[in-house]
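Residue-level structure breakdown
These are the residues of each chain, in order.
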Amino acid sequence: QVQLAASGGGSVQAGSSLRLSCAASGHFSDSFVLGWVRQPPGKEHEFVAAISWSGGDTYFADSVKGRFTISRDNAKNTVYLQMNSLKPEDTAVYYCTQAFWYGSNWDWPSGPWGQGTQVTVSS
């Protein structure tokens, strides 16, 4: 089982940037797709971005496309989420997790994901 720990969140003003990091440990496969999922206050989890570990193919939710960038460092078993032009609606707890594509939507394991990192964007 792969264990993922997210870090790098904080409180910023709209238009600012943050860089989140996710360190992976435990059983890991190059076939994995790792992604970021967030949970806004009072809402359900939603897909943010994902990256294939071997090929580096990237995927983004429409809400963050053009503002967020996902990348990975295979040697460090770390995935990053660079968030630019942050908006108040980006406020959420961000989790790093394995992601699965089912042809029309993204899904993810129920857990354990580890502790997420809080991102708060004020206007």
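Everything numeric here is computed off the predicted structure, so don't read it as measured data.

**Re the pattern of salt bridges**
Counted under the stated rule, the structure contains four salt bridges. The partner of R38 in a salt bridge is E46, and the shortest N-O contact between them spans 2.6 Å. Classification of R38 as buried rests on a relative accessible area of 4%. The structure contains a network of salt bridges with shared partners spanning R38, E46, R67 and D90.

**Concerning the packing of aromatic side chains**
Tallying each qualifying case throughout the model produces three aromatic pairs. A connected cluster of aromatic rings, assembled from ring pairs, spans F47, Y59, W101 and W106. Note that R19 overlies the ring of Y80, its terminal NZ or CZ placed 4.0 Å from the centroid.

**Description of the state of the cysteines**
In total, this model carries one disulfide according to the counting rule given. What pairs with C22 in a disulfide is C96, and their sulfur atoms sit 2.1 Å apart. Its S-S torsion of about -85° marks the bond between C22 and C96 as left-handed, since a negative value means left-handed. Residue C22 is located in strand β3 (residues 18-26), and its partner C96 is located in strand β9 (residues 92-98); the two are separated by 74 residues in the primary sequence. Considered together, C22 and C96 belong to a single accessibility category, that of buried residues.

**Details of the nonpolar core**
With 38 residues, the main nonpolar core has W36, V48, F68, V79, L81, M83 and Y94 as its most contacted residues. Residue assignment for this core shows that the elements contributing at least two residues are β1 (2-7), β3, β4 (33-39), β5 (46-52), β7 (68-73), β8 (78-83), β9 and β12 (117-122). Here the element with the most residues in this core is β5; it accounts for five residues. If near-sequence neighbours (up to four positions away) are discounted, F68 is found in contact with R38, V48, F60, L81, Q82, M83, N84, L86, D90 and Y94.

**A few points about the sheet that holds β3**
Pairing within the open sheet is antiparallel, and its four strands lie in the order β1-β3-β8-β7. Of all the strands in the sheet, the pair left with one neighbour each is β1 and β7. Across the sheet, the axes of successive neighbouring strands diverge by a mean angle of 20°, strand direction being ignored. With six bridges connecting them, β3 and β8 associate as antiparallel partners.

Reading the values: the criteria
- Residues numbered from 1 in each chain as written.
- Predicted model: local features only at pLDDT ≥ 70, side-chain atom pairs only at ≥ 80, totals over all residues.
- Heavy atoms only, no water.
- Salt bridge = Lys/Arg side-chain N within 4 Å of Asp/Glu carboxyl O.
- Buried < 20%, exposed > 50% of the residue type's maximum accessible area, 1.4 Å probe, protein only.
- Phe/Tyr/Trp six-rings, centres within 6.5 Å; stacked < 30°, edge-to-face > 60°.
- Lys NZ or Arg CZ within 6 Å of the ring centre and 35° of its normal.
- Disulfide = S-S within 2.5 Å.
- Helix = DSSP H or I, 4+ residues; strand = E, 2+ residues; numbered from the N terminus.
- Core = buried A, V, L, I, M, F, W, Y, C linked by side-chain atoms within 4.5 Å.
- Contact = heavy atoms within 4.5 Å.
- Pairing = 2+ DSSP bridges.
- Axes fitted to C-alpha atoms, helices over the stretch in contact; angles between N-to-C directions.

Read these as spatial facts, not as claims about activity.
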